[in-house]
Amino acid sequence: MIGNVLRRHLSHVGTGRFRQSEAGARGVRVAAEYAARFLAAFSLTGANVLGGLSPFAVGFIAASASASGSVVALTGGVLGYILFGPFLWSVKYIAVALLVCTASVVFRDTEFGRGAWFMPVSAFVITACIGLIAISDTVWTAAAAILALTDAILAGGCAYFYKIALSPWSGRWGFEHRAEVTHTISVLILFSTLLISLAGVRIFSIVSVGRSLAVMAVFFAAFKGGVGMGAAVGVCIGLSMDAAFGAPPIFGTAYGVAGLVSGMFSGRSRFTFALAFILVDAALALLFTGFTGSIALVYEVFIASVVFMLLPQTILSRLSVLFPSPPGGGGALKAREYTKNRVEQASAAFREIHNSVKSASVTRRNDNDIAAVFDRAADSVCRKCKRAAVCWQREYQSTLDVMNNISPKMLERGRIEAGDFPDWFTESCSSLGSFANAVNLELRELLYRRQLRNRLSRNLGAVCSQYSDISSILKGISTELGNGIGFEPELETKLRKYLQSLGHQAEAAVFRDRRDRLHAEIAGAGISSLRRDDDYLEKLSTVLGVRLCAPSGVFAPDKLTLLEAEPLAVTVGISCMKRRGNPVSGDRGAYFKTDDGTLYVMLSDGMGAGEEAARSSAAATKILERLLCSGVAPETAMRMLSDVMLLKNEDDTDCTAVDLICLNLFSGEMNMFKYGAAPSYLKRSGAVKRISGTSLAAGLGAPHDPPDKIRADVGADSVAVIVSDGVLGGGDDKWLTDIIESFDGEHPKDLSKEIVEAAAKNEFPEDDMTAIAIHVTLRK
């Protein structure tokens, strides 16, 4: 107990010390932040441009995130303005700084005061008002007014960008989404203005400290950011140095060109990179001979190169965070790989379930031995009989012969009768009637058990097949996630540049699906104006190098989805006639096209006619359509449909004949699948071919029975026809082939209508009739 008390005491002491050390560290961080803010505001007061404008400290004060931070920055700014300029100049900027700090503190807790634009606008308005008051006592000129307005714009602009640059300190930003590039630019602006204040500090009256630091910044930017970042940083910092001295854009040109050229060597060694930078600047210094600062440029570049070569690699690596990173893509690829692995695991799990169910064995009594029927009947009737010992022990062989002799008649008839027994057995058995009734009862139970086991076995096989198919589907999805989609970055760049040339700031994505079909998606506010051009599809097709088309049924006002156009086009015609006296047809036809360029045409014929047949065929069509639209392979989808119908078919009446045609509109490959369906017909080059199958209707066969599959290649002017069995009626089909052969290819709807009307004339419709005609042509 004493130990527990001691441990609790020590734990409280340790926790207290930890909290004290954490509070001390937090105090050090706060003190360092305040010191940095004080020094930054103090330094920015020495940054003068355009002959005396120094609004940068005012912008820094306005960008402070807290009241205490504003006061600390104000203190540094006031001290700097007092030390670095004449009296009236100092009074003007001190007044502006005091008013800006007051606005920041007073309105900080208001809703509009927390807005991103409040302090930049406040800095602009206050600086403009004070500036106009300051020039009111002098001669009012347009130049003075423009300088006052420029002073205000610089104050407001710096307040806006400084706040973004200081966001890692404050932890708050006026935007919901921080752009990395915007943040880098803001940091560059803050750094450039700080360098202006140091530009006048010289060593040996030649080398400028501010310009030396500026050259180092260009070194780092070009080495870590490459050509674009090196040139951008060089021009920006160089122009700020030019503005500090009121000189022509010498440093902007020198730093920008050096950053551009040396950025080409950013992937090389430090020595190669520094040598390229020095040589370019030396050449430019010779070009600018006679201008102020040309000699100093050579010394400053040399000093910066020495520092650059001596800096440890760890410092260079940490400086990389200041530059925007290249667009990411690894996260998306890893997420897709993660999803692929999860889908593979699910596929393996369903495969394991399939194997487990398939290999399961059920221990059962042997009901195939008919002797068990007589044994159970004897147990219930003969056990109480006085002759039990005689019949089933002493004369067991004679009794057994009697049972064997009457078994065939019993199984054929489904029951046993008293007359089936021999006379001597009838005379000796005093309970023959009860024994016969017991045998019949046991026989019925045996037959019921057999029927139940057969149905359970069939259903178990169907369920087992479903697990196998689900495993195959998931495996296919996993494969597609792994390598089924190909990105087209070059085409995507071309499309984006084309949209920019039209003035549309839209996002573009270009990729190929698992069948290598090109997809293009454009999203943005300018989509409606793009659609107004009647030739926009042709122009976009020229950009991407393939003929494009817009998928039917897909429209969004701010999004445009385009697909590579198929070389083949299809027209489908459907005609039907109900059975006499029925309000609905038991046939159901449908067709649709998927994004991969495959046309699916299906016809299901429910058993019988009327509402039951209509429900059965409608369910079959809907299931098959959903499976195909989700990307399931046609043969797998047909097998799954058959297994589902098998599970539903309790009395062998809920079955459906199914026809499915799959036509690849790019290659012309056609696959026909059939479950107990009527013959189909294919016309190519003027000849009509009859295509039939041998499988049973979906829901009648064994589990996982494959459908009939017929493959054919079709081209322009080919015609395919599928019909329900009511059209043929079991008779000769020459009349049907003649109609198809004479079809001129204009309107497939007319062909399907002619087939149904001819069938009705041949035999009055005692069954539902449906005909679907498919005409293949070249896309115009």
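What comes next concerns the included structure. (Residues numbered from 1 in each chain as written. Predicted model: local features only at pLDDT ≥ 70, side-chain atom pairs only at ≥ 80, totals over all residues. Heavy atoms only, no water.)

**A look at the overall build of the protein**
Thinking step 1. Looking only at helices and strands, the protein has 27 helices and 17 strands in total.
Thinking step 2. Within the span of the protein, comprising 780 residues, buried residues form 43% of the whole.
Thinking step 3. Residue pairs in contact within the protein that sit at least 24 positions apart in sequence constitute 69% of those at least 6 positions apart. (Helix = DSSP H or I, 4+ residues; strand = E, 2+ residues; numbered from the N terminus. Buried < 20%, exposed > 50% of the residue type's maximum accessible area, 1.4 Å probe, protein only. Contact = heavy atoms within 4.5 Å.)

**Comments concerning the pattern of salt bridges**
Thinking step 1. Taken as a whole and assessed by the stated rule, the structure comprises 21 salt bridges.
Thinking step 2. A salt bridge links R211 to E300; the shortest N-O distance between them is 2.8 Å. Linking R211 in helix 9 (residues 209–245) with E300 in helix 12 (residues 294–310), this pair joins segments that are 89 residues apart in sequence.
Thinking step 3. Residue E300 is classed as buried on the basis of its relative accessible area of 0%.
Thinking step 4. A salt bridge links R512 to D516; the shortest N-O distance between them is 3.9 Å. (Salt bridge = Lys/Arg side-chain N within 4 Å of Asp/Glu carboxyl O.)

**Section: the environment of L560**
Thinking step 1. When you line up the elements, L560 lands in strand 7 (residues 559–564).
Thinking step 2. For the pair L560 and E521, spaced 39 residues apart in sequence, the C-alpha separation works out to 5.7 Å.
Thinking step 3. Once you skip the residues sitting within four places of it in the chain, L560 turns out to touch A520, E521, I522, I527, L530, R531, Y536 and L540.

**Observations regarding empty space enclosed by the protein**
One way to see where empty space is left: roll a probe the size of a water molecule over the atoms.
Thinking step 1. According to the stated counting rule, one finds two cavities of 30 Å³ or more in the structure shown.
Thinking step 2. Along its surface, the largest cavity is lined by 13 residues, and C382, C385, C391, W392 and C429 are the ones closest to its centre.
Thinking step 3. Elements with a minimum of two residues in the lining of the largest cavity: helix 16 (388–394) and helix 18 (423–428).
Thinking step 4. Of all the elements, helix 16 adds the most residues to the lining of the largest cavity, at three residues.
Thinking step 5. In terms of residue class, the lining of the largest cavity is built from nine nonpolar, three polar and one charged. (1 Å grid on protein atoms, 1.4 Å probe; cavity = no way out; pocket = protein on both sides within 12 Å on 5 of 7 lines; lining within 4 Å. Points joined across faces, edges and corners; volume = space filled by probe spheres on them. Nonpolar A, V, L, I, M, F, W, Y, C, P; charged D, E, K, R; others polar.)

**Looking at helix 5 (residues 118–136)**
Thinking step 1. Between its first and last C-alpha, helix 5 extends 27 Å over 19 residues, near the 27 Å set by a 1.5 Å rise per residue.
Thinking step 2. Considered for burial, the residues of helix 5 that qualify are F118, M119, P120, S122, A123, I126, T127, A128, I130, G131 and I135.
Thinking step 3. The inward-facing, buried residues of helix 5 contact helix 2 (56–62), helix 4 (87–106) and helix 6 (142–165). (Expected span 1.5 Å × (residues − 1).)

**Observations regarding the nonpolar core**
Thinking step 1. The biggest cluster of nonpolar side chains holds 71 residues, and the ones touching the most others in it are F60, V100 and Y255.
Thinking step 2. With 14 residues, the single largest contributor to this core is helix 9.
Thinking step 3. Contact partners of V100, with chain neighbours within four places excluded, come to V58, I61, A62, M119, A123 and I126.
Thinking step 4. Residues A378, I406, C429 and L446 belong to the second largest nonpolar core, which totals 22 residues. (Core = buried A, V, L, I, M, F, W, Y, C linked by side-chain atoms within 4.5 Å.)

**Re helix 20 (residues 489–501)**
Thinking step 1. Between its first and last C-alpha, helix 20 extends 18 Å over 13 residues, near the 18 Å set by a 1.5 Å rise per residue.
Thinking step 2. By the burial criterion, the buried members of helix 20 are L491, L495, Y498 and L499. Buried residues of helix 20 fall within an arc of 100° about the axis and therefore sit on the same side. In helix 20, the exposed residues that point more than 90 degrees away from the buried face are P489, E490, K497 and S501.
Thinking step 3. Count one or two residues on from helix 20 and you reach G503, which has phi positive near 85°. (Arc of directions from axis to C-beta.)

**So, the sheet that holds strand 12 (residues 669–675)**
Thinking step 1. The strand order 9-10-11-12-15 describes an open sheet built from five strands, whose pairing is antiparallel. The open sheet has two free edges, formed respectively by strand 9 (587–593) and strand 15 (708–713), since each of these has just one partner strand. On average, adjacent strands in this sheet sit at an angle of 10° to one another, irrespective of strand direction.
Thinking step 2. As paired strands, strand 10 (residues 598–606) and strand 11 (residues 656–664) are joined by nine bridges and run antiparallel to one another. Bridge pairing in strand 11 links M602 to L660.
Thinking step 3. Strands in contact with helix 23 (residues 611–629) are strand 9, strand 10 and strand 11; relative to strand 10, the strand with the most contacts, it is inclined by about 160°.
Thinking step 4. Along the sheet, helix 24 (residues 634–648) contacts strand 10, strand 11, strand 12 and strand 15; its crossing angle with strand 12, the most-contacted strand, is approximately 10°. (Pairing = 2+ DSSP bridges. Axes fitted to C-alpha atoms, helices over the stretch in contact; angles between N-to-C directions.)

**A short note on the sheet that holds strand 4 (residues 507–512)**
Thinking step 1. Taken in spatial order, the five strands make up an open sheet running 3-4-5-7-6, and their pairing is antiparallel. Only two strands of the sheet have a single partner each, and these edge strands are strand 3 (486–487) and strand 6 (548–549).
Thinking step 2. Pairing of strand 5 (residues 518–523) with strand 7, which is carried by five bridges, proceeds in the antiparallel orientation. Each residue of the ladder has a partner; that of E521, found in strand 7, is T561.
Thinking step 3. On the sheet, helix 20 packs against strand 3, strand 4 and strand 5 and is oriented at approximately 150° with respect to strand 4.

**Some remarks on the packing of helix 9 against helix 12**
A pair of packed helices is captured by two measures, namely the crossing angle of their axes and the spacing between those axes.
Thinking step 1. As a packed pair, helix 9 and helix 12 sit with axes 8 Å apart at the nearest point and diverge in direction by 55°. Relative to helix 12, helix 9 is oriented oblique. Classified by chirality, the crossing of helix 12 by helix 9 is right-handed. Here helix 9 contributes R211, S212, V215, M216, F219, F220 and F223 to the contact with helix 12, which in turn contributes A296, E300, V301, A304, S305, V307 and F308.
Thinking step 2. When grouped by side-chain class, the residues that make up the contact of helix 9 with helix 12 number ten nonpolar, two polar and two charged. (Parallel < 35°, antiparallel > 145°, perpendicular 65-115°, else oblique. Left-handed = near helix turned anticlockwise from the far one by under 90°.)

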